[in-house]
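A look at the structure
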Amino acid sequence: MSDAAIPRAPRARRTRRALRPATLLVCGVLALPSLTGCGGASDEQHGEAVPVAADLAAADREQVADGGTLNWAVDSVPATFNAFQADADSTTARIAGAVLPALFVLDTAGRPQRNPDYLEDASIVEREPKQVVLYKINQEAVWGDGREIGAADFVAQWRALRGKESAYWTARNAGYERIEKIERGANDLEVKVTYARPYADWRSLFTPLYPKEVMGTPDAFNDGARTKLKSTAGPFRPMKLDREDGSVVLERNPRWWGKPAKLDKVVLRAVPRDERAAALAAGRIDIAEIDRQDADRIALAAKDAGSPPAAHGPGSTTSAADALRSWARAHGAVDEESAEAEQEARKKKQAQVQSYAKEQRALRGFTVRKSLEPAYTQLALNGTSGPLADERVRRAVARALDRKELAASVLAPLGLPAAPLGSHLALAGQEAYTDGSDALGAQDTQAAQALLADAGFTPGGAGSRTAGSSADTKKAEKKKQKDDEASDEGMYIVGDDKPGDGGPAESGSYVLAPAAGPASLVSARKVLSYQKEEKREYRDHKDQADGKTEAKEKKKGGMAGAYAPRGTAAPAAAGALAAPRVVGKNGKPLTLRFVLPSDPGSAALRTVGEQISRMLESIGVRTEITKVADASYFKDHIASGDYDLALYSWPGTAYPATDDRPIFAKPEPAADGSLFVEQNYTRVGTDHIDQLFDRAAAELDEEVARELVKQADERIWAAAGSIPLYQRPELVAVKPELVNAGAFGFSAPRYQDIGFKKTDSAKDERK
């Protein structure tokens, strides 16, 4: 879920940094043979979160060929090249990283490091009476027009982003508003920045740095850099933006003073996530971040090693009986009209099988590089109103979760450390990382039940009902769904996990049967006769269910495909313990609305959500799972507060005091009576947490600042509005000969070093 970017909510405060995009999880939890072979998670890894190195196929520049074009999949063609505007996206950031100065970049441990291509030095030279930072610019650093990078560029960016001029349509300015003045140093290559208030995260500023021609006036800022840049200063420069083709072309910058880019061009191509496997196979792209399903396909392609993909893909799940039925219908076992339709369906299916096989052969030419993405998935608990407004209920929900199990289900099959994340404000390997989850407590069913009881939610308080799996009681009162709707929408069907008409399933996948023969035709007719008999039996059963007879109402379980009342739990396995009684208060059961995305690319997130629902059953809490389209998931539900429970992700940062404060800030009443939440979509916050963030942002002693961040994280855990589950996996499909690119983790790409390995080097390695 990757991951898919979530729309950003507008913010009204003047002091703000980037509107950090929350993201959906797009990595699945299916088996991946070739990746698990890379090494499973050890027992130790199931305890404390551990860092994972970037997987880039690192190579010295001498081993990289000069020239070539790299086609790189991105989520979208950017609406703007200005990273400080509200509609900037991840592609905007990628372009900025390749064509503009980045004064500080992150290393593999998520620590900001001075970029020597632009800075000879940068440090705090005075602390009293005011903080002063002195930048010494690389004497070779110039813009595309030959002008030296200098104080004028710093001043223009500060004035545009400090928040004093509303004519600039800025999306962020946190840190810039603390600056008092910027002036030239001892020479043109020195820039002196004086702060009115201390600012610990000063390294976050002026990256990317735009030329004064972009930042100098509101018109230039607002409109001048949306589709072009007047000047750049990176190893590449923008060459062409083609919205119709869905691409942005970057070419090698001839004025670049550093080590020259190995590639001639980088083409960023907008390719939807669900089309990336086909695009890779067709040769349209050389590198793409992919979801788990596509990673499975690449692994299976390598495993097949030339044999046809009989065990997967279209037609692989067709049973012998289904194949025989299809063959019989195609040869007139029913009637002529059915035969023609079946023949057409078989041709279509055969074409799909052939296309899939062709793609699998092409996918053998790719490998999957993996690491942990600098982002984490959390369970969000909306504390605005309802039961979750009570901190005891939130803490009970949190303590019902087995976070180790959830992390293992996602990460262990990939051979990645399957440990839950212990911090909201730092990721494993960062200097600020400390596991603060003890402030909430580990998984403990009895402790969770005690918290619920203390809040007034007891088994007796909900009557005689028992906790069931994800139920939608509101839909239970509505008209029964049409026969052609998916069976899991608002109605639980025992033993059925596929969409359909509610009758005995007829597979949508087909294989070609042997040539016609008398014996085969007789057998086929028998199969069709049995099928018709099954349908009659099913309709009889369905009619009884629709009549809601007392016997059916009381019956537990039943044959696969039998309808059970909404909210009925699946039949328990032999020897399984009975589900606990649902807890409630004043006769009303404790039911939480769990909103999850419904698109195919979010299947993994729904799987995690269903695991969480089962865990909540153990303490008597019911969940109503509501599935909504990915496009509206965040804007219409998360940002608006229309949920009780939800799953989404936040990116990691090297500057938690600045970047994470809006995410956990205490909501404030707005003038119109609404609640101003910044980016705190759980609506859970305290004055103490805000104060700790503010103190950390103003603390120039790095050790003291990290201690304040640790204290803030512990308070966030205790408030139980956000429960980190695991750091997201990062899967990137690449051509094996592509080096210095792949799963970057925290590290920033060095675009000038990316390229294709020399043929001789590749041969030497094989020897």
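Residues numbered from 1 in each chain as written. Predicted model: local features only at pLDDT ≥ 70, side-chain atom pairs only at ≥ 80, totals over all residues. Heavy atoms only, no water.

**Concerning the environment of A49**
- Of note, A49 is situated in the loop between α1 (33-36) and β1 (69-74).
- For A49, a relative accessible area of 13% puts it in the buried group.
- Distance in space between the C-alpha atoms of A49 and L427 is 8.4 Å, their sequence separation being 378 residues.
- Excluding residues within four positions of it along the chain, A49 makes contact with A419, P420, L421, A428 and Y433. (Helix = DSSP H or I, 4+ residues; strand = E, 2+ residues; numbered from the N terminus. Buried < 20%, exposed > 50% of the residue type's maximum accessible area, 1.4 Å probe, protein only. Contact = heavy atoms within 4.5 Å.)

**Some remarks on the packing of helix α8 (residues 320-330) against helix α9 (residues 336-363)**
- Where α8 contacts α9, the two axes come as close as 7 Å, and the packing angle between them is 125 degrees. For the element pair α8 / α9, the angle class is oblique. Counting all contacts with α8, which are made through A323, S326, W327, R329 and A330, the residues of α9 involved are S338, A339, E342, Q343 and R346.
- A breakdown of the residues in the contact of α8 with α9 according to their chemical character gives four nonpolar, three polar and three charged. (Axes fitted to C-alpha atoms, helices over the stretch in contact; angles between N-to-C directions. Parallel < 35°, antiparallel > 145°, perpendicular 65-115°, else oblique. Nonpolar A, V, L, I, M, F, W, Y, C, P; charged D, E, K, R; others polar.)

**Remarks on the side chain of T623**
- Topologically, T623 is positioned in strand β16 (residues 622-628).
- Side-chain polar atoms of T623 contact the side chain of S613, separated by 3.0 Å. (Polar contact = N/O pair within 3.5 Å; in protein donor to acceptor, adjacent residues only side chain to side chain.)

**Some points on a negative patch on the surface**
- Together, D335, E336, E337 and E340 give the surface a local cluster of negative charge.
- For E340, the position within the fold is in helix α9. (Patch = residues over 30% accessible without salt bridge, like charges linked within 9 Å, V, L, I, M, F, W, Y side chains within 5 Å. Areas by Shrake-Rupley, 256 points an atom, 1.4 Å probe, with all protein chains shown as cover. Salt bridge = Lys/Arg side-chain N within 4 Å of Asp/Glu carboxyl O. Lys, Arg positive; Asp, Glu negative; His and termini not counted. Charge placed at Lys NZ, Arg CZ, Asp CG, Glu CD.)

**Side note on the sheet that holds strand β6 (residues 179-184)**
- The strand order β4-β5-β7-β6 describes an open sheet built from four strands, whose pairing is antiparallel. Each edge of the sheet is formed by a strand with only one pairing partner; in this case those strands are β4 (119-126) and β6. Recorded for the sheet is a direction-independent mean angle of 15 degrees between the axes of neighbouring strands.
- Looking at chain direction, β6 and strand β7 (residues 190-195) are connected through five bridges and run antiparallel. Each bridged residue has a counterpart across the sheet, and for R184 the counterpart in β7 is V191.
- Packed on one face of the sheet, helix α3 (residues 151-161) meets β5 (132-137), β6 and β7 and runs near 160 degrees to β6. (Pairing = 2+ DSSP bridges.)

**Quick notes on the pairing of strand β15 (residues 591-597)**
- Burial analysis of β15 places six of its seven residues in the buried class, which makes it a mostly covered element.
- Here β15 runs beside β16; their pairing, made up of seven bridges, is parallel. In the strand pairing of β16, T591 is matched with R622.
- Inspection of the sheet shows β15 paired to strand β17 (residues 645-651) by two bridges, in the parallel sense. What sits directly across from F594, in β17, is L645.

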